[in-house]
Amino acid sequence: MKKMLNAFKKYFADFGTAVAKGDIWCKLSLLVMGAGYWGRKQIVKGIIMTVLEVVVLLFTGLFSINYIKDLGTLGTVQYEAKFDPLTMKNTVNDYDNSLLILLYGIVGIIVIVAFILLYISNMKAVYRLQLMKENGEHINSFREDLKELINGKFYVTLLTLPSIGVILMNIVPILFMSCVAFTNYDIDHMPPNYLFTWTGLSNFKNMFTGGATITFSYAFIRILAWTMIWAVTATFTTFIGGILLAKLINHQNTYFKKVWRALFVVTIAIPQFVTLLLVSKMFSDHGIVNTWCSNLGLTSFLRDAGVISGNFIPFLSKPGWSHVMIILINIWVGVPYQMLTATGILMNIPTDQLESARIDGANKWQIFWKITMPYILFICGPSLIQSVIANINNFNVIYLLTSGTATANMAFANSNAKETDLLITWLFTLTNDNSNYKMASVIGIISFVICALLTLLSYSRMIKGDKEEVYQ
């Protein structure tokens, strides 16, 4: 943190030095960004910087400023349509669109911030050119700069477009979603017909505090707990299952290893979408599995024992049953992936360590827990954390298995949630089915914070490079 602060101070200190000690061409660059390059005979670069400056100023002055100035209110003029008897058509007033104001306002601010950073960097660059000229150093021509971008600074060329893509596809949506969490954007305030406004922290208050009519906090605590239980359980059950399956298939006494491995690979080839939909139909209240259980007398036995109350086993329709079934089905779906990964790792365990352990008298169980598992965890540690985060946002398994079920708990129903929902599926229901974008944005922020903290904490501890020599 201290290094970042010092770098931040130096960045602006160098700009101040360039402004104070720069010559006439540097000072002209404060007004026309290309002037400093023109003074050093870099005409093309000067034209490019000047054109870029003009484009940004025109974009800001003629377009984005109109939205930035309304960010404080998100619009005040309501949509109105009046019937004109002369033209026999509806006439619409010049109304405000809160959604466009927020979106284009954020884009406009990002453009301004990026331009300010470019402006500062440009001043520092032209000041460096001044120092190079004073010291008699060679100043590259435009053609030489292009060659350098292809050779010495090719990383800059490669990363430019992806960086712009990250800003447009990741940064802007994240900022937009974060801002929506502080508004009342929902089905009753839907642009363009209606405006939405800033509401401060009221949505977060509703999420974390309950009431007679607001039940988001009730659903949130339970869904968050289930999300974390699911993420950890789903990750480690498939991880352990994959390792055990790989060990079993690769065991010296196992025949037809390629056949067994191929059978499990085939399950991966089938799209998960198809598999999960088929399984959900099989385990539905009137599906084939319930039919088999009824014919075998298992359903009546469970009903007589008081375990179930209906004429079917609620595999995916009742809390508790559905939670367990989701985890079991995920094991069946996810183990083949982990089996392939574990197979590759097991084949690369240093044989000298295994031989040394056998010579020292270690049995197979001890070798597995003392050598095999630590090695696998060392290799797969970051991947496991990534799997936990992926399972927090595992939309497919939960939604495809339980999309047709409903909840009998009114506190969940009032929050448009179900007991089997994860944060991500709850967010989807709020946006897609109920247009409650404000509360969905709150959930999105919470999910992002949880995933970011898990990533930072786990990777900072696992990727240290302090165990490299142990497994050489």
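For the structure, check the block above.
This is a predicted model, so every value here is computed, not measured.

J.: What exactly am I supposed to notice about helix α17 (residues 395-402) here?
T.: Given 3.6 residues per helical turn, the α-helix brings residues three or four places apart onto the same face. Residues of α17 that are buried: V397, I398, L400, L401 and T402. Structurally, α17 contributes buried residues whose contacts are with α9 (216-249), α11 (272-282), α14 (321-346) and α19 (423-433).

J.: Before we go on, may I ask you to explain the pairing of strand β2 (residues 89-92) in this structure?
T.: Within a regular strand, side chains alternate between the sheet's two faces. As defined by bridge partners, strand β1 (residues 81-84) adjoins β2 across 4 bridges and the pair is classed as antiparallel. Counted as the bridge partner of F83 is N90 from β2.

J.: Sorry if this is basic, but what is going on with the side chain of T254 here?
T.: Assignment of secondary structure puts T254 in the loop between α9 and α10 (257-269). The buried category is assigned to T254, whose relative accessible area is 17%. Engagement of the side chain of T254 in a polar contact is seen with the backbone oxygen of L248, the distance being 2.6 Å.

J.: Help me understand the packing of α14 against α17, please; the structure alone is not making it clear to me.
T.: Two quantities define a packed helix pair, namely the angle between the helix axes and the distance between the axes. Contact geometry for α14 and α17: axes closest at 11 Å, N-to-C directions at 125°. Between α14 and α17, the interaxial angle falls into the category oblique. The handedness of the crossing between α14 and α17 comes out as right-handed. Facing α14, whose interface residues are I326, I329 and N330, α17 presents V397, I398, L401 and T402.

J.: For this particular structure, what's the right way to read the nonpolar core?
T.: Grouped burial of nonpolar side chains is what soluble globular proteins tend to show. In terms of nonpolar packing, the biggest core is built from 25 residues, with M207, I223, L423, W426 and L430 touching the most fellow members. Of all the secondary-structure elements, those providing two or more residues to this core are α8 (202-208), α9, α16 (364-392), α19 and α20 (437-462). With 8 residues, α20 is the largest single contributor of residues to this core. In this structure, V279, M325, I326 and L400 belong to the second largest nonpolar core, which totals 23 residues.

J.: What is the right way to look at the side chain of S387 in this model?
T.: Here S387 is to be found in helix α16. Filtering out sequence-adjacent residues up to four positions away, S387 remains in contact with T235 and Q338.

What counts, and where the lines are drawn
Residues numbered from 1 in each chain as written. Predicted model: local features only at pLDDT ≥ 70, side-chain atom pairs only at ≥ 80, totals over all residues. Heavy atoms only, no water. Buried < 20%, exposed > 50% of the residue type's maximum accessible area, 1.4 Å probe, protein only. Helix = DSSP H or I, 4+ residues; strand = E, 2+ residues; numbered from the N terminus. Contact = heavy atoms within 4.5 Å. Pairing = 2+ DSSP bridges. Polar contact = N/O pair within 3.5 Å; in protein donor to acceptor, adjacent residues only side chain to side chain. Axes fitted to C-alpha atoms, helices over the stretch in contact; angles between N-to-C directions. Parallel < 35°, antiparallel > 145°, perpendicular 65-115°, else oblique. Left-handed = near helix turned anticlockwise from the far one by under 90°. Core = buried A, V, L, I, M, F, W, Y, C linked by side-chain atoms within 4.5 Å.

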